[in-house]
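# Working through the structure, step by step
Okay, here's what each chain looks like letter by letter:
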Amino acid sequence: MSITKHEAKALWNRLRAGLLGVERDVKEIVETRAWEPLGYVSFVEAWDAELRGVEFTGAMQAAVVLSLYDSGATQNEVAAAVHSVGPAKAAHYQKAHAIGLTPTDAYNHVASMVAAKPEPHIVLKDDEVWVEAHIRKMGEKKNSIHMEGFTDTQMEQWKTHADAVQVKFKEFCRNVFEEAMENATKGMSDND
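Presented here is a report on the structure given in the accompanying data block. (Residues numbered from 1 in each chain as written. Predicted model: local features only at pLDDT ≥ 70, side-chain atom pairs only at ≥ 80, totals over all residues. Heavy atoms only, no water.)

## Re the packing of aromatic side chains
Filter applied, for reference: Pairing of aromatic rings covers Phe, Tyr and the six-membered ring of Trp, with a centre-to-centre limit of 6.5 Å; geometry is then stacked below 30 degrees between planes, edge-to-face above 60, and tilted otherwise. When a residue's accessible area, from a 1.4 Å probe over protein chains only, is under 20% of the maximum for its type it is buried; when over 50% it is exposed; and in between it is partly exposed. A ring has a charge above it when a Lys NZ or an Arg CZ is no more than 6 Å from the ring centre and no more than 35 degrees off the ring normal.
On inspection of all chains with the given rule, the structure shows 4 aromatic pairs. Look at Trp47 and Phe56: their rings are 5.7 Å apart centre to centre, the planes differ by 40 degrees, and that puts the pair in the tilted class. The residues Trp47 and Phe56 share a single accessibility class, namely buried. Among the aromatic residues, those joined into a cluster by ring pairs are Trp35, Phe43, Trp47 and Phe56. In this structure, Lys159 packs its charged tip against the face of Phe169, placed 5.6 Å from the ring centre.

Encoded structure:
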């Protein structure tokens, strides 16, 4: 079977749109709690009933698992609901979720944890992940800020406020930080 260059490009574009759509749709299901109108108690229950047997791999698998954790799922629920995850992967994904890794980074973390067993003398803290040593190109500038030291109570209050004003939490934090920095640097010139 032979297809034209135009048909081939359209096929690749359709595949890309479909893959991007899966992650978007899963996030929207979690944000809108789209399992409740169908009578399910949880996202996990809906996933099991509506998508049992559907296999996701790579970053798509990670996006699904992270969304399950976003909805409050436990390790056991994730291991049972997502095909080919199992208890060990679920535990590694939960750690990746806890520190806010993207689906791609979470997948890479889990793959390295499953492929490479850490030396017995290595003990990871709750906020650490094992990364197998490998050669890699220098990373691109991400223009991001990572801040620590906030209490769980503070984080929950801020998330509740962001929900109340219908803004995603990351966007809410960015807006607040940007406004604070503009106020803090008012009147400063490049020569100061």
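There is more to say, and it comes next.
## Here we look at the packing of helix α3 (residues 58-70) against helix α5 (residues 86-98)
Note the cut-off: Think of each axis as a best-fit line through the C-alpha atoms, taken over the contacting stretch in the case of a helix, with angles from 0 to 180 degrees between the N-to-C directions. Under the scheme used here, helices are H or I runs from DSSP no shorter than 4 residues and strands are E runs no shorter than 2 residues, and both carry numbers assigned from the N terminus. For classification purposes, an angle smaller than 35 degrees is called roughly parallel, one larger than 145 roughly antiparallel, one from 65 to 115 roughly perpendicular, and anything else oblique. Contact criterion: two residues are considered in contact whenever any of their non-hydrogen atoms come within 4.5 Å of each other. Residue polarity follows a fixed list, in which Ala, Val, Leu, Ile, Met, Phe, Trp, Tyr, Cys and Pro are nonpolar, Asp, Glu, Lys and Arg are charged, and the others, Gly among them, are polar.
Interhelical geometry of α3 versus α5 gives an angle of 70 degrees and a closest axis separation of 10 Å. Classified by the angle their axes make, α3 and α5 are roughly perpendicular. Contact with α3, carried on its side by Gly58, Gln61, Ala62, Val65, Leu66, Tyr69 and Asp70, involves Lys89, Ala90, Ala91, Tyr93, Gln94 and His97 of α5 and no other residues of that element. Partitioning the contact of α3 with α5 into residue classes produces 7 nonpolar, 4 polar and 2 charged.

## Some remarks on helix α6 (residues 103-115)
Our working rule: The length a helix should cover is 1.5 Å for every residue beyond the first.
A rise of 1.5 Å per residue sets the reference length of α6, with its 13 residues, at 18 Å; its end C-alpha atoms lie 18 Å apart and thus fit the reference within 8%. The complete set of buried residues in α6 reads Pro103, Ala106, His109, Val110, Ser112 and Met113. Lining the buried residues of α6 we find α1 (5-32), α3 and α5.

## Side note on the nonpolar core
Going by this rule: The set of buried Ala, Val, Leu, Ile, Met, Phe, Trp, Tyr and Cys residues whose side-chain atoms join them within 4.5 Å is what this entry labels a nonpolar core.
Counting residues in each nonpolar core, the largest one holds 27 residues, and the members touching the most others are Trp47, Leu68, Val78, Val82 and Tyr93. Elements represented by at least two residues in this core include exactly α1, α2 (43-51), α3, α4 (75-81), α5 and α6. Element by element, the count of residues in this core is highest for α3, at 7 residues. Aside from chain neighbours lying at most four places away, what touches Val82 is Trp47, Gln61, Val64, Val65 and Leu68.

## As for the pattern of salt bridges
So the rule is basically this: Note on definitions: salt bridges are taken to be side-chain nitrogens of Lys or Arg within 4 Å of carboxyl oxygens of Asp or Glu.
Counted according to the given criterion, the structure contains 4 salt bridges. Of the charged contacts in the structure, one is a salt bridge between Glu31 and Lys168, with a shortest N-O distance of 3.5 Å. Remark: Lys168 occurs in the loop between α7 (152-164) and α8 (169-184) and Glu31 occurs in helix α1; sequence separation between them is 137 residues. Judged on exposure class, the residue Glu31 and its partner Lys168 are both exposed. The salt bridge partner of Glu178 is Arg174, with a shortest N-O separation of 3.4 Å. One end of the pair is Glu178 and the other is Arg174, both in helix α8 and 4 residues apart, which spans about a single turn. Among the residues examined, Arg174 registers a relative accessible area of 53% and is labelled exposed.

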